[in-house]
Amino acid sequence: MNTKQIRDQLEQIFSLYDYEDDIIEIRCIGEITEAEKLYPFSMFAPPWRWLKDNSPVVRMYGSKKKKNHRSEFVDGGILALLDLNRRGYNIYFGVNPRRQRVEDLLFHGEKRDIERVRVCHADVDSIRPEKVEEILEGAGIKASAIIESNAQVFGCHVYLAYRESPAMPYPAPDLVAKYEMMNRRFISLFKPDAKADDVQDLSRILRVPGVVNWPDARKRSQGREPSPCRLHSCDPDQQYSLEELDALLPRLSESIWSDAGVEGAVVTEPRQSSKVF
C-alpha cells in the first residue's frame, strides 16, 4: 500500500467518527524476537491528525502493571503508520474514541476510557465480504463499513454506526452492558456461517485498513503469509439507534434492557475540561 491508498481508506473509515473531536487510539503490536524487539505501544490523536503526512500525536509509555505511565508528543500521521507497518508492526485502532483520565491527564485504552460509543462491531473469520453482506441483507441491515482484515483466511471486521453517540458517563455499568450485549447479538448474527470472535468489549481494537497484516510465528508455522488489510465498503450514512438494532438483531438469553436506561446513568467522575489537541 502507498500513502494515497492508506489515506483514502483511513479517510473513509474515519468518516464514522467526529473528524475534529474524537480521539482515536492507534495501537502498534509487533513480535519480540532475538533479531528485533517490536514492543507494543499506543498513540492518540483526532482523525484529522492521522490523515496528514506528518502530525504531532500523543504516544503513551509505561505499563499497567508498573503504573509508570507517561506521555509525549511524537511524529504521527500516514508516513509514521506506513513506516511502523513496514518494520513489522501490525496497526490497530480503537473502535470507540478515548478520553483523558482525570487523575493523570493521560490517555489509556481500557473500557473506562471510552468517551462515547460510535459503532457496533463484529470480528468474523472464514467468510468473504460478499457473504457478510448477504447475511446482513437477510436481517434487513446494511453495513456502515466492512474491512477485509485478511484475504487469505477471509476475515472481516464489520461495523454498524450509531446515529446517536452521547458522551459516556463513568461509571455506567448498565449502559456499558447494553452496548456490549448489542455487540454480542451482532456477532451471533454470523454464526454458524463464520467463525466469530466472541469479543464484545467497547475498548476493542481492530485492524486499520490500508496496511499489511503480518502473521506471527504461530500463524506462519501454519502457512500464513503477509496479507493486505483493506476496506471493502463504507457508507457513513448507514446509521442505527440502539432501539433499531434491538429490533433487527438476534436475541440471546439475556436482555440488554434493564431498569436503568441510557438517560438514567449518573456521572460520578468529572470530565477533564482542558484538551491536549
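For the structure itself, look to the data block above.
All of the points below concern the structure found in this document. Because the structure is predicted, anything quoted here is derived from the model rather than measured.

Rules behind the numbers
Residues numbered from 1 in each chain as written. Predicted model: local features only at pLDDT ≥ 70, side-chain atom pairs only at ≥ 80, totals over all residues. Heavy atoms only, no water. 1 Å grid on protein atoms, 1.4 Å probe; cavity = no way out; pocket = protein on both sides within 12 Å on 5 of 7 lines; lining within 4 Å. Points joined across faces, edges and corners; volume = space filled by probe spheres on them. Helix = DSSP H or I, 4+ residues; strand = E, 2+ residues; numbered from the N terminus. Salt bridge = Lys/Arg side-chain N within 4 Å of Asp/Glu carboxyl O. Buried < 20%, exposed > 50% of the residue type's maximum accessible area, 1.4 Å probe, protein only. Pairing = 2+ DSSP bridges. Contact = heavy atoms within 4.5 Å. Axes fitted to C-alpha atoms, helices over the stretch in contact; angles between N-to-C directions. Core = buried A, V, L, I, M, F, W, Y, C linked by side-chain atoms within 4.5 Å. Phe/Tyr/Trp six-rings, centres within 6.5 Å; stacked < 30°, edge-to-face > 60°. Lys NZ or Arg CZ within 6 Å of the ring centre and 35° of its normal.

## Quick look at the layout of surface pockets
If you add up the space inside the largest pocket, you get close to 700 Å³. The element that contributes the greatest number of residues to the lining of the largest pocket is strand β10 (residues 205-207), accounting for three residues.

## A short note on the pattern of salt bridges
The final tally for this structure, using the stated rule, is 23 salt bridges. The partner of E244 in a salt bridge is R163, with the nearest N and O atoms 2.9 Å apart. With a gap of 81 residues between them, E244 in helix α7 (residues 242-248) and R163 in the loop between β8 (155-162) and α5 (173-188) connect regions that are remote in the sequence. Relative accessible area serves as the criterion here: at 32%, E244 is assigned to the partly exposed category.

## Observations regarding the pairing of strand β3 (residues 55-61)
Among the seven residues of β3, five are classified as buried, and the element is accordingly described as predominantly covered. Relative to β3, strand β2 (residues 41-45) runs antiparallel, the two sharing three bridges. Bridge pairing in β3 links M43 to R59. Looking at chain direction, β3 and strand β4 (residues 70-76) are connected through seven bridges and run antiparallel. Bridge pairing in β4 places P56 opposite D75.

## Let's talk about unusual backbone geometry
Phi is mostly negative for residues that are not glycine, and the peptide bonds are mostly trans. With an omega dihedral of -5 degrees, the bond running from Y170 to P171 counts as a cis peptide bond. By the secondary structure assignment, P171 is in the loop between β8 and α5. Going from K191 to P192, the amide bond is cis rather than trans, its omega being 5 degrees. Position of P192 relative to the elements: it lies in the loop between α5 and β9 (195-196). Positive phi, close to 60 degrees, is recorded for L105, a residue that is not glycine. Considering the arrangement of structural elements, one finds L105 in the loop between β5 (90-94) and β6 (119-125). The residue S126 is not glycine, and still its phi comes out positive at about 60 degrees. By secondary structure assignment, the location of S126 is in the loop between β6 and α4 (129-138).

## Observations regarding the environment of L136
Along the polypeptide, L136 turns up in helix α4. Each C-alpha atom of the pair L136 and C156 lies 13 Å from the other, and the pair is 20 residues apart in sequence. Setting aside anything within four residues of it in sequence, one finds L136 in contact with I141, A143, V158, F186, L189 and F190.

## Let's talk about the sheet that holds β5
Taken in spatial order, the six strands of this open sheet run β4-β3-β2-β1-β5-β10, and their pairing is antiparallel. A strand with exactly one partner marks an edge of an open sheet, and here the two such strands are β4 and β10. Averaged over all pairs of adjacent strands, the angle between strand axes in this sheet comes to 35 degrees, irrespective of strand direction.

## Overview of the nonpolar core
Residues I13, M43 and Y159 are the most contacted members of the largest nonpolar core, which totals 36 residues. Ranked by residues supplied to this core, first place goes to helix α3 (residues 78-87) with four residues. Discounting residues that sit within four places of it in the chain, Y159 has contacts with I13, L16, F93, V95, V119, C120, H121, A143, S144, A145, I147 and L206. Membership of the second largest hydrophobic core comes to 34 residues, among which are V117, I146, A172 and F190.

## What about the packing of aromatic side chains?
With the rule as written, the count across this model stands at eight aromatic pairs. Ring geometry for F14 versus Y17: centroids 6.4 Å apart, planes at 85 degrees, classification edge-to-face. Across the pair, exposure class does not vary: F14 and Y17 are buried alike. For the pair F41 and Y89, a centre-to-centre distance of 5.5 Å together with 80 degrees between the ring planes defines the contact as edge-to-face. Taken together, the positions of F41 in strand β2 and Y89 in the loop between α3 and β5 put the pair 48 residues apart, joining distant regions of the chain. According to the relative accessible area criterion, Y89 is buried, its value standing at 4%. Connected via pairs of aromatic rings, a cluster forms that spans F14, Y17, F93 and Y159. One Lys or Arg, R59, reaches over the ring of F41 and ends 3.7 Å from the middle of that ring.

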